[in-house]
Amino acid sequence: MKIRLSSVFPWLVVIVIFFRPHPPFLGNVMSTYFGDVLLFLLIAASFIYRKTISNLEAFALLGAFLIAFSSFLVITFSGSYNLLPEVVKIVFYGFSVAFVVNCRLFESISSELALSVIVLGLFLVALVQYYNVPWFGEVVRLIWGEAKLRSAESTDPRVYSSLFNANWFGVVVAGLALLIVDHFFITKRILLSSILFSACMLMIMLSGSRTALIAFLVSFAFIVIVRMRSLGNLALILCMLVLVLVVGVYINKSYEVSNRFLDASESLAQNDVSDIRSLGDRFSSWEKGLEIIEINPMLGDGSLLDGFVVHNSYIYVFAGFGIPLGCAMLLLMFFIFFVASKSYTSNASKGVVFISALPLAIASFAGEFLVSTQVFLSYLVIVCLSSNISRDRHRPELN
């Protein structure tokens with residue numbers, strides 16, 4: 001039986017992006033970018049197979065190269081090359097969206113099936129990590145590492161499934177959870193949506209990522225307002241959310257899944273956010289990043305003072321490359337989402353892109369997720385899935 005490449009490529013992309021291996025024996029740098037190398041080879045193979053390129057693909061690639069070239073000039077002018085990896089990422093994003101348009105990802109397979117495989121696959125790996133299942137736990141640690149991995153035996157458990165760390169895991173799952181909520185409004189698949197949504201909420205709890213929880217809740221509030229016209233759906237979704245949160249809090253208190261949420265809620269109840277772990281460090285990093293922008297707003301620092309972690313994608317880009325070039329880079333990143341969505345829908349797809357990418361945009365205020373290739377490319381797949389579902393169900397676009 002002849003296997004069609006159009007049906008194989010989407011699954012290869014899902015595996016490489018969401019379940020990319022990062023074994024510790026490769027070393028820190030190579031394990032981080034091993035999946036990116038595999039995806040780049042996959043992209044190159046797709047271009048060779050098709051031999052043609054569309055106008056949207058060419059525009060995305062041209063924009064990526066122009067911004068990368070400008071970034072290189074800024075870095076060269078500053079005399080520091082610490083941000084060269086970020087320039088490479090911009091070009092890689094351009095190649096990735098060209099690949100998405102080229103292969104028309106998920107057009108030949110069921111978007112619901114792809115969504116189910118992604119969510120349940122991530123959930124299974126997370127459970128193996130949390131319970132440290134004999135033999136399976138060793139295999140999972142060998143494939144995806146164990147740095148900062150804390151199982152149920154720890155006093156403060158925290159897992160990250162097949163992602164590189166717990167915050168990346170939580171932010172990606174937040175995007176999947178929002179997609180499932182919007183998917184329910186479209187398809188009315190109560191059982192499937194409930195199972196996948198519950199799995200996502202439990203994964204956020206297991207990740208211990210407060211950034212992910214806040215990003216999801218804010219995005220959820222927005223989508224509920226947008227879909228307010230369907231009160232029956234709204235009531236059911238709210239019941240699902242309340243039920244899962246109640247169960248999550250119960251599990252958290254009874255089994256000490258993560259003290260991070262409880263500590264944060266107690267600090268908020270006392271109107272004292274200074275006690276929230278890591279929040280003080282983030283405030284200091286943001287202040288330091290803003291000082292860099294104030295010193296050189298046009299060209300930035302070019303090095304971010306030997307790569308200190310600023311915990312904010314927007315400050316990171318502006319401080320490193322300057323405000324003009326930083327704005328161009330951010331616009332290109334979100335334009336990439338629009339190009340991916342446009343490949344599935346004939347009319348304007350701003351609403352689909354906005355809803356799909358909203359958790360990422362919010363979470364990026366508390367982390368460098370826009371320049372984390374696995375997180376960004378995961379949201380590229382989420383946008384594709386959302387657009388494909390929207391097209392199949394003839395959903396009116398949001399303008």
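Everything below is about the structure printed above this text.
Residues numbered from 1 in each chain as written. Predicted model: local features only at pLDDT ≥ 70, side-chain atom pairs only at ≥ 80, totals over all residues. Heavy atoms only, no water.

### Some words on the overall build of the chain
Our working rule: Under the DSSP-based scheme used, a helix requires at least four consecutive residues in state H or I and a strand at least two consecutive residues in state E, with every element numbered from the N terminus. For every residue, the accessible area obtained with a 1.4 Å probe (protein chains only) is divided by the maximum for its type, and the residue is called buried under 20%, exposed over 50%, and partly exposed between those limits. Contact between two residues is taken to exist if any of their heavy atoms lie within 4.5 Å; hydrogens are not considered. Only the protein chains shown count as cover for residues, with accessible areas throughout obtained via the Shrake-Rupley method and a probe of 1.4 Å.
Looking only at helices and strands, the chain has 17 helices and zero strands in total. Counting only residues that meet the buried cut, the chain has 55% of its 399 residues in that class. Considering only contacts in the chain between residues 6 or more positions apart, those separated by 24 or more positions represent 73%. Accessible surface for the chain amounts to roughly 17800 Å². Of this, 69% is attributable to carbon and sulfur atoms.

### Some points on helix α6 (residues 136–144)
Operational definition: Think of it as the arc spanned by the lines of direction from the helix axis to the C-beta atoms.
Among the residues of α6, G137, V140 and W144 are the ones counted as buried. What you see down the axis of α6 is that its buried residues fit within an arc of 60°, all on one side. Structural note: α6 exposes E138 and L142 on the side pointing more than 90 degrees away from its buried face. Against α5 (111–131) lie the buried residues of α6. The positive-phi residue at the C-terminal boundary of α6 is G145, with phi of around 80°.

### Focus: the nonpolar core
Going by this rule: As used in this record, nonpolar core signifies buried Ala, Val, Leu, Ile, Met, Phe, Trp, Tyr and Cys residues forming a set joined through side-chain atoms within 4.5 Å.
Grouped together as the largest cluster of nonpolar side chains are 102 residues, with contacts concentrated most on F18, V119, L122, F169, L176, F337 and F376. Not counting chain neighbours up to four residues away, the residues in contact with L122 comprise F18, F19, S161, S162, L163, F169, L176 and M203.

### Side note on the packing of α5 against α6
How we decide: Here an axis means a line fitted to C-alpha atoms, over the contact stretch when the element is a helix, while the angle between two N-to-C directions is reported on a 0 to 180 degree scale. For classification purposes, an angle smaller than 35 degrees is called roughly parallel, one larger than 145 roughly antiparallel, one from 65 to 115 roughly perpendicular, and anything else oblique. In this scheme the crossing of two helices becomes right-handed for a clockwise turn of the near helix relative to the far one and left-handed for an anticlockwise turn of less than a right angle.
Between α5 and α6, the least distance of the axes is 9 Å, while the angle of their chain directions is 115°. Relative to α6, the element α5 is oriented roughly perpendicular. As α5 packs across α6, the resulting crossing turns out to be left-handed. In this structure, α5 uses V125, V128 and Q129 to contact α6, whose residues at the interface are F136, G137, V140 and W144.

### Remarks on the side chain of T373
Counted only if it meets this: Polar contacts, as counted here, are pairs of nitrogen or oxygen atoms within 3.5 Å of one another; within protein the pair requires one atom able to donate a hydrogen and one able to accept it, and residues that are adjacent in sequence qualify only if both atoms are side-chain atoms.
Relative to the helices and strands, T373 resides in helix α17 (residues 373–392). On the accessibility criterion, T373 (6% relative accessible area) is buried. Within the structure, the side chain of T373 is placed 2.8 Å from the side chain of D36, a separation counted as a polar contact. Ignoring anything within four residues of it in the chain, the contact list for T373 reads R20, D36, K89, F92 and Y93.

### Details of the packing of aromatic side chains
To keep it simple, the criterion reads: Stacked, tilted and edge-to-face are the three classes applied to pairs of Phe, Tyr and Trp rings, where Trp contributes its six-membered ring and a pair requires centres within 6.5 Å; stacked means planes under 30 degrees apart, edge-to-face means over 60, and tilted covers the rest.
Considering all chains together, one arrives at nine aromatic pairs under this definition. On the basis of an interplanar angle of 50° and a centroid distance of 4.7 Å, the ring pair of Y314 and F365 is categorised as tilted. Of this pair, Y314 sits in helix α14 (residues 313–321) while F365 sits in the loop between α16 (350–363) and α17, and the two are 51 residues apart along the sequence. Residue classification places Y314 among the buried residues on the basis of a relative accessible area of 14%. Here F337 and F376 contribute two aromatic rings whose centre-to-centre distance is 4.9 Å and whose plane-to-plane angle is 20°, an arrangement assigned as stacked. With F337 in helix α15 (residues 323–342) and F376 in helix α17, the pair connects residues that are 39 residues apart, well separated along the chain. A relative accessible area of 0% places F337 in the buried class. Taking the relative accessible area as the measure of exposure, F376 reaches 0% and is therefore buried. Following the ring pairs from residue to residue traces out a cluster consisting of F197, F216 and F220.

### As for the pattern of salt bridges
The line we're drawing: A carboxyl oxygen of Asp or Glu within 4 Å of a side-chain nitrogen of Lys or Arg is what we treat as a salt bridge.
Scanning the model with the defined rule gives two salt bridges in all. As a salt-bridge pair, R20 and D36 come within 3.0 Å of each other at their nearest N and O atoms. Of this pair, R20 sits in the loop between α1 (5–18) and α2 (28–50) while D36 is found in helix α2, placing the two residues 16 residues apart along the sequence. Side by side, R20 and D36 carry an identical accessibility label, which is buried. With its nearest N and O atoms 3.6 Å apart, the salt bridge here joins R141 to E146.

### A closer look at the environment of S387
Along the polypeptide, S387 turns up in helix α17. With 46 residues separating them along the chain, S387 and S341 place their C-alpha atoms 5.5 Å apart.

### Brief notes about the packing of α5 against helix α8 (residues 190–207)
Running from N to C, α5 and α8 point in directions that differ by 35°, and their axes come no closer than 10 Å. For the pair α5 and α8, the sense of crossing is left-handed. Side by side, α5 and α8 meet where E112, L115, S116, V119, L120, L122, F123, A126, L127 and Y130 of the first sit next to L192, L196, A199, C200, L202, M203 and L206 of the second.

### Side note on the environment of V14
Positionally, V14 belongs in helix α1. For V14, a relative accessible area of 1% gives the class buried. Counting along the chain gives 100 residues from V14 to A114, while the straight-line C-alpha distance between them is 8.0 Å.

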